[in-house]
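What follows is each chain in one-letter form.
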Amino acid sequence: MNLLITGGNGYIGSRLALRAQQERWKLTLLDSAFDHPCEQMTSALRLVGMSAADSLCERIFTDSKYDVVVHLACNLLPEQSDISTRAAKG
């Protein structure tokens, strides 16, 4: 299986990636912050340092075919989220 995880360096994304590695899945992790990658990650996966909102993100889907995409990317602060900003404005 070929798996893409957005937010792959976050807590949930990295735990899912570790499990997928145990299952021998081919992994691509997309995250805007790879300054502290999980130590248990092997070099057998592809790390892409960019935001899911980046316009170049579409190339990831043209470069590879994925069986599963798990979207876990989010901003760390609620004020940075479009949804919370819209809700706050009423």
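You'll find the structure just up there.
Computed from a prediction, not measured in an experiment: that's the story for all the values here.

J.: I tried to follow the layout of surface pockets on my own but got confused; where do I start?
T.: Empty space among the atoms can be located by rolling a probe the size of a water molecule over them. Taken as a whole, the largest pocket holds about 570 Å³ of empty space. Lining the largest pocket are 22 residues; nearest its centre among them are Gly7, Asp31, Ala73, Cys74 and Asn75. For the lining of the largest pocket, the secondary-structure elements that each account for two or more residues are helix 1 (11-22) and strand 2 (26-31). The element best represented in the lining of the largest pocket is helix 1, accounting for three residues. Of the residues contributing to the lining of the largest pocket, the split by class is eleven nonpolar, ten polar and one charged.

J.: Explain the pattern of salt bridges here, please?
T.: Oppositely charged side chains can pair when the atoms bearing their charge come close. Scanning the model with the defined rule gives one salt bridge in all. Of the charged contacts, one joins Arg19 and Glu23 as a salt bridge, the two residues approaching to 3.3 Å between their closest N and O atoms. Taking relative accessible area as the criterion, Glu23 reaches 44% and is therefore assigned partly exposed.

Definitions and cut-offs
Residues numbered from 1 in each chain as written. Predicted model: local features only at pLDDT ≥ 70, side-chain atom pairs only at ≥ 80, totals over all residues. Heavy atoms only, no water. 1 Å grid on protein atoms, 1.4 Å probe; cavity = no way out; pocket = protein on both sides within 12 Å on 5 of 7 lines; lining within 4 Å. Points joined across faces, edges and corners; volume = space filled by probe spheres on them. Helix = DSSP H or I, 4+ residues; strand = E, 2+ residues; numbered from the N terminus. Nonpolar A, V, L, I, M, F, W, Y, C, P; charged D, E, K, R; others polar. Salt bridge = Lys/Arg side-chain N within 4 Å of Asp/Glu carboxyl O. Buried < 20%, exposed > 50% of the residue type's maximum accessible area, 1.4 Å probe, protein only.

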